[in-house]
Amino acid sequence: MSRRLILASASPQRAKLLDQLGVAHSAQAADIDETPQPGESAEALAERLARGKAQALATDHAGEAVLGSDTVVALGDTLYGKPGDDGEADTMLASLSGTTHRVVSGVALCVAGRCTSRISVSEVTMREITCAEQAAYIASGEPIGKAGGYAIQGRGAIFIARLDGSYSSVMGLPLYETAALLVEAGFDVLGSRS
């Protein structure tokens, strides 16, 4: 396919994940309001934000495909986005320590005025994190900008006792769902069109 793919994200991790599918792309951040709406579920929020990011760039890139994604961590009815500072990261990690929580990633693809989306839901069991470990992890800087305040692909992996679901989704881009959307739109994913 000759259509260009734009990843609506400044996340290097999402770009690396998309590289695994063998689809050429460029990346551009999409600036949208990520505030949850009252009573919004993690699934609805992740899908709405993924669509919002894709649609925000699609209006300026007619004729190109735009892929958006977002990840939300949920513990019961409490939703955790990305901590903006160490204090927020500390609060999130303290809440998630010793729990099994959900990680929901939404992905959306806008092509020729049409936007389709999917979600991926995983369960992550985090062991109890000691105060010293939490302080050291926050000092590393890794929690900032990561949904729930941890990165499963980084140092945060030492806290993860179990994962039921998609590893790539917890990292920020569900590859199974992403590949399905791209194939449906006519992209050649790992030789899918040969």
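The structure displayed is predicted, hence computed values, not measured ones. (Residues numbered from 1 in each chain as written. Predicted model: local features only at pLDDT ≥ 70, side-chain atom pairs only at ≥ 80, totals over all residues. Heavy atoms only, no water.)

**Let's talk about the pairing of strand β5 (residues 100-111)**
Applicable threshold: Three exposure classes are used, based on accessible area relative to the maximum for each residue type with a 1.4 Å probe and protein chains only: buried under 20%, partly exposed in between, and exposed over 50%. Think of it this way: any DSSP run of H or I at least four residues long counts as a helix, any run of E at least two long counts as a strand, and we number them from the N terminus. In this analysis, strands are considered paired if DSSP registers two or more bridges between them.
Of all 12 residues in β5, 10 are buried, a share of seventy percent or more. Here nine bridges tie strand β3 (residues 65-75) to β5, and the two strands are oriented antiparallel to one another. Considered in β5, the bridge of G68 is made with A108. Sheet topology places β5 next to strand β6 (residues 114-126); 12 bridges connect them, and they run antiparallel.

**Some thoughts on helix α4 (residues 131-139)**
Since the α-helix packs 3.6 residues into each turn, any two residues three or four apart lie on the same face. The criterion, for reference: Arc definition: it is the arc formed by the directions from the helix axis to the C-beta atoms. For this analysis, residues touch if any pair of their heavy atoms sits within 4.5 Å.
Among the residues of α4, Q134, Y137 and I138 are the ones counted as buried. Viewed end-on, α4 has its buried residues packed into an arc of 95°, placing them on one side of the element. Exposed side chains of α4 directed beyond 90 degrees from the buried face belong to A132 and A139. Contacts from the buried residues of α4 go to α3 (86-96). With its phi angle positive at about 85°, G141 sits one or two positions after the end of α4.

**Comments concerning the nonpolar core**
We count it as follows: The set of buried Ala, Val, Leu, Ile, Met, Phe, Trp, Tyr and Cys residues whose side-chain atoms join them within 4.5 Å is what this entry labels a nonpolar core.
Within the largest apolar cluster, 40 residues are counted, with the highest numbers of intra-cluster contacts made by L5, L109, Y150 and L182. Beyond its immediate sequence surroundings of up to four residues, L182 is in contact with L5, L18, L21, V23, L109, F187 and V189. By size, the runner-up hydrophobic cluster in this structure holds 10 residues, among which are I6, A8, V66 and A108.

**Quick notes on the packing of aromatic side chains**
We apply this condition: In summary, the pairing rule links any two rings of Phe, Tyr or Trp, Trp by its six-membered ring, whose centres are within 6.5 Å, and it sorts them by plane angle into stacked for under 30 degrees, edge-to-face for over 60 and tilted for everything else.
Applying the stated criterion across every chain yields a total of one aromatic pair. Judged by centre distance (5.3 Å) and plane angle (85°), the ring pair of Y137 and F159 falls under edge-to-face. With Y137 in helix α4 and F159 in the loop between α4 and β7 (160-164), this residue pair connects regions lying 22 residues apart in the sequence. Pair check on accessibility: Y137 and F159 agree, each one buried.

**A short note on α3**
Applied cut-off: Distance and chemistry together define a polar contact, namely a pair of N or O atoms within 3.5 Å, with one atom able to donate a hydrogen and the other to accept it when in protein, and with adjacent residues in sequence counting only for side-chain atoms on both sides.
Among the residues of α3, those classed as buried are A89, M92, L93 and L96. One side of α3 carries all its buried residues, which in axial view fall inside an arc of 95°. Against the buried residues of α3 lie β3, β4 (78-80), β5, β6 and α4. Between the side-chain oxygen at the start of α3 and the backbone nitrogen of G87 there is a gap of 3.1 Å, and the oxygen is on D85. Downstream of α3 by one or two residues, G98 has phi in the positive range, about 75°.

**Concerning the environment of P143**
With respect to the helices, strands and loops of the structure, P143 is situated in the loop between α4 and β7. Taking the C-alpha atoms as reference, P143 lies 8.2 Å from K82; in sequence the two are 61 residues apart. If near-sequence neighbours (up to four positions away) are discounted, P143 is found in contact with P83, A89, L93, Y137, I138 and G149.

**Regarding the side chain of S122**
One can find S122 in strand β6. With relative accessibility at 1%, the residue S122 sits in the buried group. At a separation of 2.9 Å, a polar atom in the side chain of S122 contacts the main-chain amide nitrogen of S166.

**Notes on unusual backbone geometry**
Although it is not a glycine, A112 adopts a positive phi angle of roughly 50°. Secondary-structure assignment places A112 in the loop between β5 and β6. Using a relative accessible area of 70% as the deciding quantity, one classes A112 as exposed.

**Some remarks on the pairing of β3**
Among the 11 residues in β3, 10 count as buried, and that is most of the element. Sheet topology note: the strand β1 (residues 5-7)/β3 ladder contains three bridges and is parallel. In the sheet register, L7 faces β3, and the bridge partner there is L67. Relative to β4, β3 runs antiparallel, the two sharing three bridges. Each residue of the ladder has a partner; that of V73, found in β4, is Y80.

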